[in-house]
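# Fold and geometry: a report
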Amino acid sequence: MRFPLPSNVKRVDNNKKRCRIETMKPRPQSFWVEADIANDTGWVRGIFIAVNQCLPHPYGCGGEAKEFNDEPSEREYAMSGLCQKCQDIFFGE
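Residues numbered from 1 in each chain as written. Predicted model: local features only at pLDDT ≥ 70, side-chain atom pairs only at ≥ 80, totals over all residues. Heavy atoms only, no water.

The number of helices and strands found in the protein is four helices and three strands. If you list the helices and strands of the protein from N to C, you get β-β-α-α-β-α-α. By the burial criterion, 33% of the 93 residues in the protein qualify as buried. The contacts in the protein between residues at least 6 apart in sequence include a share of 43% that link residues at least 24 apart. Total accessible area on the protein stands at roughly 6,300 Å², and carbon and sulfur atoms take up 56% of it. (Helix = DSSP H or I, 4+ residues; strand = E, 2+ residues; numbered from the N terminus. Buried < 20%, exposed > 50% of the residue type's maximum accessible area, 1.4 Å probe, protein only. Contact = heavy atoms within 4.5 Å. Areas by Shrake-Rupley, 256 points an atom, 1.4 Å probe, with all protein chains shown as cover.)

Structural data, given as structure tokens:
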């Protein structure tokens, strides 16, 4: 099943299926998950997602997170805050 692209996602290249996210809304997480992340790191995951930034070290690279290979990668970014490069490293792709 294919999901439609959200209104804030624009196709950049249909051949490579790369997408550009103009602004991303963080996917809601449990209050306890967000609190644990904030207590462990000192920052809130949703802020980085809202400004299209990867999470800082030690979780991510802290770089821009605007282009993704496919829709599942975009959804993963909305959940984890990891850019495409960091997702590839984390998932071993």
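When two helices pack together, their arrangement is captured by the angle between the axes and the distance separating the axes. Following both chains from N to C, one finds helix α3 (residues 71-80) and helix α4 (residues 84-91) inclined at 95°, their axes separated by 10 Å at the closest point. Taken together, the axes of α3 and α4 lie roughly perpendicular to each other. The segment α3 lies against α4, with Ser-73, Glu-76 and Tyr-77 engaging Gln-84, Gln-87 and Phe-91. Each residue belonging to the contact of α3 with α4 can be placed in one class, and the counts come to two nonpolar, three polar and one charged. (Axes fitted to C-alpha atoms, helices over the stretch in contact; angles between N-to-C directions. Parallel < 35°, antiparallel > 145°, perpendicular 65-115°, else oblique. Nonpolar A, V, L, I, M, F, W, Y, C, P; charged D, E, K, R; others polar.)

With 70% of its residues at a pLDDT of 70 or more, the protein has an overall mean of 77. Here strand β1 (residues 9-13) stands out as the element of the protein with the lowest mean pLDDT, 54, in contrast to α4, whose mean of 94 is the highest. (pLDDT = per-residue confidence, 0-100.)

Time to look at the environment of Glu-76. Along the chain, Glu-76 turns up in helix α3. Linking Glu-76 and Gln-87, residues eleven residues apart in sequence, is a C-alpha distance of 8.3 Å. Those residues in contact with Glu-76 that sit more than four places away from it in its chain are Gly-81, Gln-87 and Phe-91.

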